Amino acid sequence: MLTVVLSGLRDRWASFLGGFVALALGVGLLATMGLGLSATFDAPERPPQRFASSPVVVQGQDRLTLDVRRGPGTVPVEQRLDRPQPVDEGVLRELRARWTVTTTGGPDAVGVDAPAAEVRALVGDRARVLTGNERRQADPDPERDARALVALNALLGTSGGVTAFVSVFVVASTFAFAVALRRREFGLLRTAGATPGQIRRLLLAEAAALGVLASATGCALGALGGPLLARTLVDGGLAPAWFTIGGASWPFHAAFWTGVTVALAGAVAASRRAGKVGPTAALREADVDADTLPLGRAVLGTGLLLAGLGLLVWTCAAEPSALLKRKTYTTLPMLLITGVALLSPLLVRPAARLLRARGAVGTLVRENSAAAVRRTAAVAAPVLVTVALAGTLFGSATSVPRAKEAEAREQTTAQYVVSGDDLRPPAAPAGTVLSPTGATSVFVRDGDEAVVKYGARAVADPAAFAELARLPVTAGDLRDLDDRSIVVNEEFERHRVGETVEVWRADGSGPVRLRVVAVLALGTGDNGPYVTRANAPGAGLDRIDARGGGAAEVRAALETSGGTVRTAPERQASGNPQNRLGMILVLGIALVYTTIGLANTLLMATSVRGGELASLRLAGATRGQILRVVTGEAALAVAIGTLLGLVVTAVVLGALGAGLAALSAPVALALPWGTVGAAAGVCAAVAVASSGVPAWRLTR
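Per-chain numbering applies: the sequence of each chain, read as written, is numbered from 1 onward. Totals for whole chains, interfaces and linings use all residues, but because this is a predicted model, local features are given only for residues with pLDDT of at least 70 and pairs of side-chain atoms are given and counted only at 80 or more. The basis for every side-chain value is the complete set of heavy atoms in the structure, and neither hydrogens nor water enter the calculation.

Q: Got a minute to help me understand the overall build of the protein chain in this structure?
A: Segments assigned H or I by DSSP are reported as helices when at least four residues long, segments assigned E as strands when at least two residues long, and all are numbered from the N terminus. From N to C terminus, the protein chain includes 20 helices and 16 strands. Its C-alpha atoms give the protein chain principal-axis dimensions of roughly 100 × 60 × 50 Å. The cut-offs for exposure are 20% and 50% of the maximum accessible area for each residue type, with area from a 1.4 Å probe on protein chains only; residues under the lower value are buried, those over the upper are exposed, and the others partly exposed. For the protein chain, with 700 residues in total, the buried portion stands at 49%. In this analysis, two residues are considered to be in contact whenever any of their non-hydrogen atoms come within 4.5 Å of each other. Across the protein chain, the fraction of contacts at a sequence separation of at least 24, relative to all contacts at a separation of at least 6, is 79%. Carbon and sulfur atoms make up 59% of the accessible area of the protein chain, which amounts to about 31,200 Å² in all. In this count, Lys and Arg are taken as positive residues and Asp and Glu as negative ones, while His and the chain termini are left out. Charge coordinates come from a single atom per side chain, which is NZ of Lys, CZ of Arg, CG of Asp or CD of Glu. Within the protein chain, one finds 69 positive and 56 negative side-chain charges whose respective centroids are separated by 13 Å. Each accessible area value is a Shrake-Rupley result obtained with a 1.4 Å probe; residue values ignore everything except the protein chains displayed when judging cover.

Q: Mind showing me how you'd approach the pattern of salt bridges here?
A: Pairing between side chains of opposite charge can happen when the charged atoms of each approach one another. Whenever Lys or Arg places a side-chain nitrogen within 4 Å of a carboxyl oxygen from Asp or Glu, that contact is recorded as a salt bridge. Within the structure shown, the criterion is met by 17 salt bridges. The shortest N-O distance in the salt bridge between Arg128 and Asp62 comes to 3.2 Å. One end of the pair, Arg128, is in strand E6 (residues 128-131); the other, Asp62, is in the loop between strand E1 (56-59) and strand E2 (63-70), with 66 residues separating them in the sequence. Here Arg128 matches Asp62 in class, with each residue buried. Between Arg479 and Asp477 there is a salt bridge; the shortest N-O distance is 2.7 Å. Assessed through its relative accessible area of 66%, Arg479 is described here as exposed. With a relative accessible area of 23%, Asp477 lands in the partly exposed category. Residues participating in the shared-partner salt-bridge network are Asp62, Arg63, Glu78, Arg80 and Arg128.

Q: How should the confidence of the model for the protein chain be read in this particular structure?
A: Per-residue confidence for the protein chain averages 83 on the pLDDT scale, and 92% of its residues sit at or above 70. pLDDT is a residue-level measure of predictor confidence that goes from 0 to 100. The secondary-structure element of the protein chain with the lowest mean pLDDT is helix H9 (residues 279-283), recorded at 54, while strand E14 (residues 530-532) shows the highest, at 95.

Q: Where do I start with the nonpolar core in this structure?
A: Most often, soluble globular proteins keep nonpolar side chains buried together rather than apart. In this structure, Leu152, Val166, Leu233, Phe243, Leu389 and Val648 are the most contacted members of the largest nonpolar core, which totals 88 residues. Broken down by element, this core gets its largest block of residues, 14 residues, from helix H14 (residues 373-410). If we ignore the near neighbours within four places in the chain, the residues touching Leu152 are Thr40, Leu233, Leu238, Ala239 and Phe243. Nine residue types can take part in a nonpolar core, namely buried Ala, Val, Leu, Ile, Met, Phe, Trp, Tyr and Cys, and a core is a set of them joined through side-chain atoms within 4.5 Å. Among the nonpolar cores identified, the runner-up in size contains 17 residues, and Val442, Val488, Val512 and Val516 belong to it.

Q: What is the right way to read the packing of aromatic side chains from this model?
A: The relative placement of two aromatic rings is captured by the distance of their centres and the angle of their planes. In summary, the pairing rule links any two rings of Phe, Tyr or Trp, Trp by its six-membered ring, whose centres are within 6.5 Å, and it sorts them by plane angle into stacked for under 30 degrees, edge-to-face for over 60 and tilted for everything else. For the structure shown, the criterion picks out 4 aromatic pairs. On the numbers, 6.3 Å between centres and 15 degrees between planes, the contact of Phe41 with Trp250 is stacked. A residue pair is termed long-range when its members are at least 10 positions apart, and Phe41 in the loop between helix H2 (13-38) and E1 and Trp250 in helix H8 (residues 250-275) qualify at 209 residues. A relative accessible area of 46% means that Phe41 is categorised as partly exposed.

Q: Looking at this structure, how should I read the sheet that holds E1?
A: Strands in a sheet are paired, the pairing made by backbone hydrogen bonds, and the direction either parallel or antiparallel. By the convention used here, strands pair only if DSSP detects at least 2 bridges between them. The strand order E4-E5-E1-E6 describes an open sheet built from 4 strands, whose pairing is antiparallel. Two strands in the sheet have a free side with no partner beyond their single neighbour: strand E4 (100-103) and E6. The sheet shows a mean angle of 30 degrees between the axes of neighbouring strands, taken without regard to direction. Pairing of E1 with E6, which is carried by 4 bridges, proceeds in the antiparallel orientation. In the sheet register, Val57 faces E6, and the bridge partner there is Leu130. Lines fitted to the C-alpha atoms define the axes, with helices restricted to the stretch that makes contact. Angles between their N-to-C directions range from 0 to 180 degrees. On the sheet, helix H4 (residues 116-123) packs against E1, strand E5 (109-113) and E6 and is oriented at approximately 170 degrees with respect to E6.

Here it is, written out as structure tokens:
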């Protein structure tokens, strides 16, 4: 058996080349993404900077600790405050009375030159005592490294998932089509006495050998690609400047065995079909495909399609805000894409029959595409993957910011908006309404089992705020907001007007009981809650809305606030450029795989059509006509894949629009025609070239 396998690999190396390249590249990308992902699990150990010379640091409390119910008892849970609180004055006096105390950078922490045990005994639970590397927590923005890695972790995880998905898809499709082209060979083996089990074992052995060789090559590529990925992420602003690839070994193990598993999994279904080929049936087989959609594939495709549609409908009905998150609109379309791709043979023949081209060339293109369903579906499937990913990823990533922009424009009647950090309220010219607000937080119990931190807005002038704001109020009145009340959204557990909500403020003080005076629709996620500055200690101003008065006078007054002054239409939320770079990375992976799959499939398919093309020449067809037929079939298959991809895109974006409507947010959907057109154009160019070149050689 091993001799036959190795001889087959050597003699048919050209037909295995595409699968080898796709699998090796997939394993290499998985290893590269795994190396990058492993480097995002832990932020670098930076030495303390602010109190580097102090052995002990006493820091004000930076966490809110509340007891919640767990089973029959209670346990404490912590929520981080917006900023550490100042060290208690009594604690400072006691520390200064006994030891040397260093103050720098603010009242939230002090350095103490004393034994840590004695400081802890003195301070107790009135403040935090930090030693060793824990002293970093007193540095400015100590969580910046961890925050930088969170987004990078999500990006690399998404890219790795897409890589695994597309590689499995392309490799399985390549194996299946390669086996379909070898039916006559299997018929001859059966005639020579080979059993179905021997045919299956032969194919699985070939897949295992190919998988081991390609996976080993891919791991070598991954070792080279890891440092390159790190430099690319840093240069593109997706990773901090200190980001580097570590020495983890698990990404290589995971990538290698994933590659071998993918190769075997792609060959299992094909080997079962090959084992069913009868000797005489294979030798008498016509060129028209029959039984192109086995029962198992039909059941799996239908199940995945229904699962994808069901998840979209359930998410839209139960938690529409999840549709706005990148994790959701990246993963959910994969179920739909896989389901439609598995069922594509059912759609190829009706779609091909729709072609109404005149002349012999058009007729041959239509009839050949409808007859060779396997070949047409094998070309259309990778195009479907690329077009659907381009449409859903870029469409969702563009539609969500557009909805936020439209929502932001609708929620204010201001003529000017000032943005910046720690703004100074300007002197208002006559006839001008100014509404300063700032970012803060409130902590609320969600039942007895959880404490939730909400990003809130602190209102400096409730009357001006109510006059300029046009928030999506579902109940109550914004004009009733005062120091004893709160405006909440529908996400709050208690969100009926007149109810009392128990909240803790941003500095951890509380609880305070505030009456709900208005309820807002959830929107795209930035609607409330709102409190007055009396319930937002330490909150600075970062936005000022203004309306009325003379334009020049108002703008001049607003410029004294220290922020950036724009007219309200100019102040639009823009999409994160880093997210767009991440989407380009994901789409690039899919496009590379698509071109490999298309080139390999069409080179294999066209290379075995020598007899068919010779018959056309004998029937009077010119060489140019034959080339137009072959390339026209490839172009038609790409068009079918593009059409199916657009259908998947329409379903996903339609669900996103329904989710936005359910959230009472503006529906501003955008189909990225340029990106989809570019992806389809690349696929068409590769398909035409990959079919035209071997056809030109066969017709010489």
